[in-house]
Amino acid sequence: MSLPAYIGDEVSATGFRLAGLQVFTPSPGELLSTIRRACDQAPLVLIGAASAQSLDPEDLDELLAGVSPPVAVVPDVHGNAPMQDLSLRLKKQLGVLE
């Protein structure tokens with residue numbers, strides 16, 4: 001059985017590692033390939049907000065829209081990167097923006 005994965009900063013990754021997740025702290029140039037590799041192996045992929053913010057918006061939208069595995073953006077321990085409004089993101093993905 002494969003473990004869920006967290007991809008993000010080292011400090012946040014430490015907490016997720018203690019919770020039993022696989023963790024990855026890739027360099028900016030390896031971020032997207034690391035996320036895609038995790039999506040191939042893990043049943044759930046969590047991406048730190050700061051890492052998600054550094055992705056191309058189209059790539060992030062594609063990852064979040066996927067059904068299997070579920071991909072979610074989670075706050076990082078530093079709280080420096082703002083989280084996208086969940087209701088706005090859902091409306092955008094469902095195509096019901098006003």
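Our subject is the structure listed above.
These notes cover the structure that comes with them. The structure displayed is predicted, hence computed values, not measured ones. (Residues numbered from 1 in each chain as written. Predicted model: local features only at pLDDT ≥ 70, side-chain atom pairs only at ≥ 80, totals over all residues. Heavy atoms only, no water.)

### Topic: the packing of helix H2 (residues 31-41) against helix H4 (residues 57-65)
For any two helices packed against each other, the geometry comes down to the angle between their axes and how far apart the axes lie. Stated precisely, the cut-off is as follows: Fitted lines through C-alpha atoms serve as axes, helices being fitted only where they are in contact, and the angles separating the N-to-C directions of these axes extend from 0 to 180 degrees. Labels follow the DSSP assignment, with helices taken as runs of H or I lasting at least four residues and strands as runs of E lasting at least two, numbered in each case from the N terminus. An angle counts as roughly parallel when it lies under 35 degrees, as roughly antiparallel when it exceeds 145, as roughly perpendicular when it falls between 65 and 115, and as oblique in every other case. Throughout, a residue-residue contact means that at least one pair of heavy atoms, one from each residue, lies within 4.5 Å. When residues are grouped by polarity, Ala, Val, Leu, Ile, Met, Phe, Trp, Tyr, Cys and Pro land in nonpolar, Asp, Glu, Lys and Arg in charged, and all others, Gly among them, in polar.
Interaxial distance between H2 and H4 falls to 12 Å at its minimum, and their mutual angle equals 10°. The angle between the axes of H2 and H4 places the two elements in the roughly parallel class. Residues Leu32, Ile35, Arg36 and Cys39 of H2 touch H4, and the partners they reach there are Asp59, Glu62 and Leu63. Here the contact of H2 with H4 is built from residues that sort into four nonpolar, no polar and three charged.

### A closer look at the nonpolar core
Nonpolar side chains in soluble globular proteins tend to be buried together. Operational definition: Definition used in this section: a nonpolar core is a set of buried Ala, Val, Leu, Ile, Met, Phe, Trp, Tyr and Cys residues joined via side-chain atoms within 4.5 Å. Throughout, exposure labels follow a simple rule: accessible area from a 1.4 Å probe, protein chains only, divided by the maximum for the residue type, with under 20% read as buried, over 50% as exposed, and the rest as partly exposed.
One finds Ile35, Val45, Ile47, Leu63 and Val71 to be the most contacted residues of the largest nonpolar core, which totals 15 residues. For this core, the secondary-structure elements that each account for two or more residues are strand S1 (5-7), H2, strand S3 (45-48) and H4. Looking at which element gives the most residues to this core, the answer is H2, with four residues. Ignoring sequence-local partners within four residues, the contact set of Val71 consists of Cys39, Val45, Ile47, Leu63 and Leu64. In this structure, Ala13, Leu21, Val23 and Leu46 belong to the second largest nonpolar core, which totals six residues.

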